[in-house]
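If you want the building blocks of each chain, they are given just below.
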Amino acid sequence: MATNPENAPAFSQIIRNASLLQWAIVLLTFLIARWIARGIYRVQFHPLSKFPGPKYTAFTRIPHLSALFTGTFYRWVAKLHEEYGEVVRISPDELSFINPQAWNDAYGHGTKGTKGSRPTKHWVRYGKAVNNAPSILQAHDVDHRRMRSIFTSAFSDRALKEMEPVFLKYVDQLVSVIRTGLSKDPERKFDMVRLYNFTAFDVMGDLTYGESLDMLNNSEYAPWVSQVFGGMKGATRLGMVHFYPILRHIFKIVASPYINKKRLEHLQHSVDRVDRRLKKGISTEGGDLWDLVMKQPGGKGMSRAEMDSNSSLIMIAGTETSATATSGLTYLLLKNPDKLKKVTEELRSTFARSADMTMEAVAALPYLNLCVKEGLRLYPPVAGAMPRLTQADGAAICGEFVPPGTTLTVPQHATYTSERNFKDPLEYIPERWIPSNERYASDRKEALQPFSKGSRDCLGKNMAWHEMRLIMAKVLYNFDLTLCPESEAWSKQKAYLIWEKPPLMVQVKTYYPA
Ligand code: HEM
């Protein structure tokens, strides 16, 4: 039956009489329709629609966020690359690359003569300094260059040589902590993740603040170090608000005051220690980071707040990473007894005494170096993405023009475990890095960049190499290690900003008594 237009309620009357529920339904319908329309645009017409990837990741970023939230991003993205190739659109505005050239184009100096300009860090995703003084990691270009030039000589080979006694002191202490444990109970199992963390934090506490955190001595995490580990998972999850500007604003109003209070409390640990360190002034013997920074002509070109931010950064960037690398390497060697035997023989046939192992001497061991490198491939310490953003004129990445405002990622684990880059990608084969090894001649070796690439690569990479080699060398020289059954599947982990490492339980027997 046709409706008589004269009897139909006026539109304005419908609006006036609508209940709250009806309004809510209208609003929801509008939002869903908008979401679908935007999704269709993203899949069909968006400038990134030419890039490969599943339709659902082009439509919405929910699958990407869900992978981040559950700590499975590294596996999720690897599967996508397996299916779709070297470049995948993993979110409506984000591309992931596993082609080695992407390191140069997205993080390094780019390819000459190509369209667009160098992508920058994705600043929003790197967050803000709680004391408004960005550390070197968060600083934009001009400040970054200033800080980098101040720090560079403090991380030079010469400076590292000056710091050697500090490294040796704590690595030898690690060995004696294991010896003491065994003298009390020869069957004792050790959690190597804890021991490596204790060592790395004690070293860095000494180098950054001129005082040890005494974690090896106390066999306990310092409370503020435990907070760091606890905070990473939460930080990754909370960081998701950065993907949605509206959520970011709401978050800023509602949760930021509480979170900033916690962050400031945490920073205060660094502030107090930097205070104590600066009161000591420059030591004539040198040997810690601030000595080396303050001794330079430009050394005073850093504000006090920047010193606090950088100390706090270095205490995290220079500890967890090295401890993760040595934990992973220990696990991989214990899972590959033939490689373990070979590296142990190299150590024991080269050195008559543990005391002969200096930074320089262990740096010259060919097989140890291959082992560390292969460890970094299968278990890269930086598990999270290091997002970059294309600028107003876009960028050329791996020969393809990428439009402005696109987020770029080279996911380390997926890149290093892809058959497109490495033969037998999941096997631990240190020998693949020997240049004359024909079996692995086709490996794209330049794909491995655990310290990133370009002007914002890792400042502490040389230090990290020395530290990793020294720790592994002294432990493997002095002890025979066996993996405990409960740690057989240790590498099956989740990853947030960092790997969520369970204890790495190891049975230890003394090879060389003290
Ligand atoms: C195996 C150990 C390590 C790995 C794999 C590693 C990896 C990285 C990576 C990938 C970056 C770039 C981060 C980004 O772009 O977001 C980085 C930056 C940085 N790392 Fe490391 N790192 C390690 C050890 C260290 C050590 C021992 C220190 C210092 C004591 C250190 C200090 C820094 C600093 C200060 C930056 C920021 C550099 C800048 O922005 O100019 N790292 N590291």
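Residues numbered from 1 in each chain as written. Predicted model: local features only at pLDDT ≥ 70, side-chain atom pairs only at ≥ 80, totals over all residues. Heavy atoms only, no water.

Within an unreviewed UniProt entry, the label attached to the protein reads Cytochrome P450, and the organism entered is Lophiostoma macrostomum CBS 122681. As recorded by UniProt, the Cofactor (unreviewed entry) comment attached to the protein reads in full: "heme". (UniProt positions renumbered as here; feature names shortened; annotations may be inferred.)

J.: Mind laying out the overall build of the protein, listing which residues take part and the relevant values?
T.: Looking only at helices and strands, the protein features 22 helices and 12 strands. Taking 514 residues into account, the globule formula puts the C-alpha radius of gyration at 24 Å, and the protein, at 26 Å, falls close to it. When burial is assessed residue by residue, the protein has 52% of its 514 residues classed as buried. Looking at the protein alone, contacts between residues at least 24 apart form 73% of all its contacts between residues at least 6 apart. A total accessible area of about 24,400 Å² is found for the protein, and carbon and sulfur atoms account for 59% of it. (Helix = DSSP H or I, 4+ residues; strand = E, 2+ residues; numbered from the N terminus. Rg over C-alpha atoms; globule rule 2.2 N^0.38 Å. Buried < 20%, exposed > 50% of the residue type's maximum accessible area, 1.4 Å probe, protein only. Contact = heavy atoms within 4.5 Å. Areas by Shrake-Rupley, 256 points an atom, 1.4 Å probe, with all protein chains shown as cover.)

J.: Give me the coordination of the iron atom of the ligand: which residues, what numbers.
T.: Of all protein atoms, just one serves as a donor to the iron atom of the ligand, and that atom is Cys458 (SG), at 2.3 Å. With respect to the helices and strands, Cys458 occurs in the loop between helix H21 (412–416) and helix H22 (461–478). (Donors = N, O, S within 2.8 Å, 3.2 Å for Na, K, Ca; no water.)

J.: Requested: an account of the sheet that holds strand S12 (residues 505–510), with residues and values cited.
T.: A sheet is described by the order of its strands in space; here 3 strands give the open sequence S4-S12-S9, paired in antiparallel fashion. Strands at the two margins of the open sheet, each flanked by one partner only, are strand S4 (189–191) and strand S9 (479–483). Going across the sheet, the axis of each strand differs from the next one's by a mean of 40°, ignoring polarity. With 3 bridges connecting them, S4 and S12 associate as antiparallel partners. Bridge pairing in S12 places Lys189 opposite Gln507. Packing of helix H17 (residues 320–335) onto the sheet brings it into contact with S9 and S12, and relative to S9 it is tilted by some 80°. Seen against the sheet, H22 touches S9 and S12 and runs at an angle of roughly 95° to S9. (Pairing = 2+ DSSP bridges. Axes fitted to C-alpha atoms, helices over the stretch in contact; angles between N-to-C directions.)

J.: Give me the UniProt feature "binding site: heme" (unreviewed entry) in the protein: which residues, what numbers.
T.: UniProt records the feature "binding site: heme" (unreviewed entry) at Cys458, using the numbering of this structure. The partly exposed category is assigned to Cys458, whose relative accessible area is 28%. Discounting chain neighbours no more than four positions away, the residues touching Cys458 are Arg148 and Phe451.

J.: Account for the nonpolar core, with residues named and values stated.
T.: Core analysis: the largest hydrophobic core is formed by 119 residues, its most contacted members being Phe97, Phe151, Ile178, Met192 and Leu333. When residues in this core are grouped by element, the largest group, 13 residues, is from helix H9 (residues 157–184). Dropping the residues within four chain positions of it, Phe151 is found in contact with Ile136, Leu289, Trp290, Val293, Met302, Asn310, Ile314 and Leu459. (Core = buried A, V, L, I, M, F, W, Y, C linked by side-chain atoms within 4.5 Å.)

J.: If you had to explain the site of the ligand to someone new, which residues and values would you point to?
T.: As a structural note, the neighbourhood of the ligand is formed by 29 residues, with Tyr126, His144, Arg148, Arg388 and Cys458 the closest of them. Measuring from an oxygen atom of the ligand, one finds a side-chain N or O atom of Tyr126 at 2.4 Å. Arg388 is positioned with one of its side-chain polar atoms (N or O) 3.1 Å from an oxygen atom of the ligand. Broken down by secondary-structure element, the contributors of at least two residues to the shell around the ligand are helix H8 (141–152), helix H16 (304–317), H17 and H22. (Near = heavy atom within 4 Å. Polar contact = N/O pair within 3.5 Å; in protein donor to acceptor, adjacent residues only side chain to side chain.)

J.: So what about the side chain of Lys121? Which residues, and what values?
T.: In this structure, Lys121 sits in strand S3 (residues 120–121). Buried and unpaired, Lys121 has Asp141 as its nearest opposite-charge partner, separated by 8.7 Å. With residues near it in sequence (within four places) discarded, Lys121 still touches Tyr126, Leu137, Pro387, Arg388, Leu389 and Arg456. (Lys, Arg positive; Asp, Glu negative; His and termini not counted. Salt bridge = Lys/Arg side-chain N within 4 Å of Asp/Glu carboxyl O.)

J.: Tell me what's going on with the sheet that holds strand S5 (residues 388–389), and back it up with residues and numbers.
T.: Strands sit in the order S1-S2-S8-S5-S3 across an open sheet of 5 strands; the sheet is mixed. This sheet does not close on itself; its edge strands, each paired only once, are strand S1 (87–91) and S3. Alignment of S3 against S5, held across 2 bridges, turns out to be antiparallel. Looking at the pairing, Thr120 lines up with Leu389 of S5.

J.: Give a detailed account of the UniProt feature "transmembrane region" (unreviewed entry) in the protein, specifying residues and quantitative values.
T.: The positions that UniProt labels "transmembrane region" (unreviewed entry) are, in the present scheme, residues 20–37. As annotated, residues 20–37 comprises 100% helix and 0% strand, and the C-alpha atoms at either end are separated by 25 Å.

J.: Go over the packing of helix H12 (residues 223–238) against helix H14 (residues 256–280) with me, naming the residues and quoting the values.
T.: Where H12 contacts H14, the axes come no closer than 12 Å and their chain directions differ by 145°. The handedness of the crossing between H12 and H14 is left-handed. Residues Trp224, Gln227, Val228 and Leu238 of H12 lie in contact with H14, whose contacting residues are Ile259, His266, His269 and Arg273. Its residues placed into classes, the contact of H12 with H14 shows 4 nonpolar, 3 polar and 1 charged. (Left-handed = near helix turned anticlockwise from the far one by under 90°. Nonpolar A, V, L, I, M, F, W, Y, C, P; charged D, E, K, R; others polar.)

J.: Requested: an account of H9, with residues and values cited.
T.: A rise of 1.5 Å per residue sets the reference length of H9, with its 28 residues, at 40 Å; its end C-alpha atoms lie 40 Å apart and thus fit the reference within 8%. The largest bend in H9 is about 50°, located at Met163, with the proline Pro165 one to four residues further on. (Expected span 1.5 Å × (residues − 1). Bend = angle between axes of the 7 residues up to and from the residue.)

J.: Tell me about a positive patch on the surface, and name the residues and values.
T.: On the surface, a cluster of positive charge is made up of Arg75, Lys79, Lys492 and Lys494. Checked against the element boundaries, Lys79 lands in helix H5 (residues 73–84). Assessed through its relative accessible area of 61%, Lys79 is described here as exposed. (Patch = residues over 30% accessible without salt bridge, like charges linked within 9 Å, V, L, I, M, F, W, Y side chains within 5 Å. Charge placed at Lys NZ, Arg CZ, Asp CG, Glu CD.)

J.: Can you tell me about the environment of Tyr244, naming the residues and giving the values?
T.: Structurally, Tyr244 is set in the loop between H12 and helix H13 (245–254). The exposure class of Tyr244 is partly exposed, given its relative accessible area of 30%. Considering only alpha carbons, one finds Tyr244 and Ser66, 178 residues apart in sequence, at a separation of 14 Å.

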